[in-house]
Amino acid sequence: MSDEVPRIGVAGWPVLHSRSPMIHGFWLEKYGIAGSYGLLPIPPDDARHFFANLPVSGANVTIPYKETAFRCVDETDEQARRLGAVNTIYIRDGKTIGTNTDGYGFLAHLKATAPEWRSASGPVVLLGAGGATRAIIGALLDDGVSEIRIANRTLRRAEELENAFGERVSAHAWDQRAEILKDATLLVNTTSLGMKGNPPLDISLAQMSKGSVVYDIVYNPLETELLRQAHSLGLVSVDGLGMLLHQAVPGFELWFGHRPEVTEELRDLVVASLVEG
Ligand SMILES: NC(=O)c1ccc[n+]([C@@H]2O[C@H](COP(=O)([O-])OP(=O)(O)OC[C@H]3O[C@@H](n4cnc5c(N)ncnc54)[C@H](OP(=O)(O)O)[C@@H]3O)[C@@H](O)[C@H]2O)c1
């Protein structure tokens, strides 16, 4: 790393809603580290030039530029290549390197919140086949899950994931989403259903047995109807906010050289901002 104070930011369009400046700003202050983390609103016509000539010391990348960044950085690591998407850029030896920390964030939060859950304990059901789903499949397979069943409204997109990730992954029609829950030990909602402004996810969790885990990566609202149902049935529920907080950890360490901690204090700060809207 150079002697200059790192200037980092989150690049997207629009990007105003991003909680990343709050998260990294909290850590910079807590650890007394010199550096900054701001918003980088990049209009679509400027995106390729921005990522090919990065004018900052590092960046997070959000919608709609994760694929553009993947194509424009000098190098990518294995995580980014597997997903074809970059959410974190850092610089080493004058080169921009793109990685992806979404899968790490997903798994770190799962293990912190549901420590009894084991990848070997049984099949996993994923609902959705969008951008976030790929990172989650990669993390679960790396952790040793032997069977992942994916149901998506557009079956073709689930089948694409089945083809991309191999025999441990199977695609299912959306109307089979409750049936495939039988003997599953983990259900993950990776659709945008349940998010503020969207309809709730319509599914009965009655087939899931006690001790099974329901993880909703939607974090606004924090307690979705899916998690309320899980709670009422005595299932273990995991909300989406922790994934957002944990995915920020590797980036902070790469840019500022200190591994930060996800604490209740940080979580409370971000929860308060979600409540304010
Ligand atoms: N906690 C975190 O850190 C984190 C990280 C990333 C994303 N997220 C959240 O995860 C959600 C998905 O994000 P994404 O980037 O993966 O989105 P995306 O690429 O747009 O994918 C959206 C998914 O939702 C499905 N869907 C949308 N409307 C539906 C409906 N009415 N009925 C059934 N399925 C529907 C889509 O199905 P089709 O394929 O049929 O369109 C697709 O599978 C968002 O709420 C986002 O905020 C959270």
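Residues numbered from 1 in each chain as written. Predicted model: local features only at pLDDT ≥ 70, side-chain atom pairs only at ≥ 80, totals over all residues. Heavy atoms only, no water.

Q: What should I look at first to understand the side chain of Thr99 in this one?
A: Relative to the elements of secondary structure, Thr99 occurs in strand β6 (residues 95–99). Those residues within four positions of Thr99 in sequence are excluded, and the remaining contacts are Asp77, Gln79, Ala80, Ala85, Val86, Asn87, Thr88, Tyr90 and Leu254. (Helix = DSSP H or I, 4+ residues; strand = E, 2+ residues; numbered from the N terminus. Contact = heavy atoms within 4.5 Å.)

Q: Is there a simple way to think about helix α9 (residues 241–256) in this case?
A: Since one α-helical turn is 3.6 residues long, residues separated by three or four positions face the same way. For α9, spanning 16 residues, the distance from its first C-alpha to its last is 23 Å, which sits close to the expected 22 Å at 1.5 Å a residue. With 14 of 16 residues buried, α9 lies mostly within the body of the structure. Phi turns positive, to about 75°, at Gly257, one or two residues after α9. (Expected span 1.5 Å × (residues − 1). Buried < 20%, exposed > 50% of the residue type's maximum accessible area, 1.4 Å probe, protein only.)

Q: Would you mind showing me how to read the pairing of strand β5 (residues 88–92) here?
A: The two faces of the sheet receive side chains in turn, since in a regular strand these alternate between them. Bridge count between strand β3 (residues 58–61) and β5: 3 bridges; the pairing is antiparallel. When the sheet's bridge partners are listed, Ala59 is paired in β5 with Ile89. Here β5 runs beside β6; their pairing, made up of 5 bridges, is antiparallel. From the neighbouring strand, Ile89 faces β6, where its bridge partner is Gly98. Turn length for the β5-β6 hairpin, with the two strands adjacent in sequence and antiparallel, is 2 residues, and the turn residue Asp93 shows positive phi of about 50°. (Pairing = 2+ DSSP bridges.)

Q: What am I meant to see in the site of the ligand here?
A: What surrounds the ligand is a group of 21 residues, the closest being Asn152, Thr154, Arg157, Met195 and Gly240. For the ligand, an oxygen atom lies 2.8 Å from a polar atom in the side chain of Asn152. Surface burial for the ligand is 76%, taken as the share of its 930 Å² of free accessible area covered by protein chains. At the level of secondary structure, the elements contributing two or more residues to the shell around the ligand comprise α6 (131–142) and α9. For the shell around the ligand, the per-class residue count stands at 10 nonpolar, 9 polar and 2 charged. (Near = heavy atom within 4 Å. Polar contact = N/O pair within 3.5 Å; in protein donor to acceptor, adjacent residues only side chain to side chain. Areas by Shrake-Rupley, 256 points an atom, 1.4 Å probe, with all protein chains shown as cover. Nonpolar A, V, L, I, M, F, W, Y, C, P; charged D, E, K, R; others polar.)

Q: It is not clear to me how the domain arrangement of the protein chain should be interpreted in this structure. Could you clarify?
A: Frequently, the measure chosen for interface size is the accessible area removed from exposure when the parts meet. Taken as a whole, the protein chain is organised into domain 1 (7–100 + 244–276) and domain 2 (103–239). In this assembly, 13 residues from domain 1 lie in contact with 15 residues from domain 2. Around 1200 Å² of area is buried between domain 1 and domain 2 when both sides are counted, 58% of it from carbon and sulfur atoms. Interface area lost by domain 1 to domain 2 is led by Arg82, His246 and Leu274, which between them contribute 46%. Across the contact surface, domain 1 and domain 2 share 2 salt bridges. Put simply, Asp142 and Arg82 hold a salt bridge, and the shortest N to O gap is 2.8 Å. In this assembly, domain 1 and domain 2 are joined by 4 residue pairs in polar contact (both at pLDDT 80 or more). Secondary-structure elements contributing two or more residues to the side of domain 1 that touches domain 2 are α4 (78–83), α9 and α10 (264–276). (Domains from an automatic or database assignment. Buried area = accessible area lost by both parts, 1.4 Å probe. Salt bridge = Lys/Arg side-chain N within 4 Å of Asp/Glu carboxyl O.)

Q: Can you help me understand the sheet that holds strand β4 (residues 75–76) in this one?
A: Through backbone hydrogen bonds, the strands of a sheet pair up, either in parallel or in antiparallel fashion. Ordered by their spatial adjacency, 6 strands build an open sheet running β2-β1-β3-β5-β6-β4, and the pairing between neighbours is mixed. The sheet is open, and its two borders are formed by β2 (36–41) and β4, each paired with just one other strand. Running over the sheet, α9 touches β1 (7–12), β2, β3, β5 and β6 and is turned about 20° from β5. (Axes fitted to C-alpha atoms, helices over the stretch in contact; angles between N-to-C directions.)

Q: Sorry, what's going on with the packing of aromatic side chains here?
A: Each aromatic ring pair is summarised here by two numbers: the centre-to-centre distance and the angle between the ring planes. This model, assessed by the stated rule, comprises 8 aromatic pairs. Ring centres of Trp27 and Phe252 lie 5.4 Å apart, and the angle between their planes is 70°; on these two criteria the pair is classed as edge-to-face. Note that Trp27 is positioned in helix α1 (residues 20–30) and Phe252 in helix α9, a separation of 225 residues in sequence. Side by side, Trp27 and Phe252 carry an identical accessibility label, which is buried. An angle of 80° between the planes, with centres 6.3 Å apart, marks the rings of Trp255 and Phe256 as edge-to-face. Both residues of the pair, Trp255 and Phe256, belong to the buried class. (Phe/Tyr/Trp six-rings, centres within 6.5 Å; stacked < 30°, edge-to-face > 60°.)

Q: How do you make sense of the packing of helix α5 (residues 102–113) against α6 when you look at a structure like this?
A: Each pair of packed helices gets described by two things: the angle between the helix axes and the distance between those axes. Two numbers describe how α5 lies on α6: the axes approach to 8 Å, and their chain directions differ by 60°. Between α5 and α6, the crossing angle belongs to the class labelled oblique. In this structure, α5 meets α6 at a crossing whose hand is right-handed. Contact residues: α5 offers Asp102, Gly103, Phe106 and Leu107, while α6 offers Ala135, Ile136, Ala139 and Leu140. (Parallel < 35°, antiparallel > 145°, perpendicular 65-115°, else oblique. Left-handed = near helix turned anticlockwise from the far one by under 90°.)

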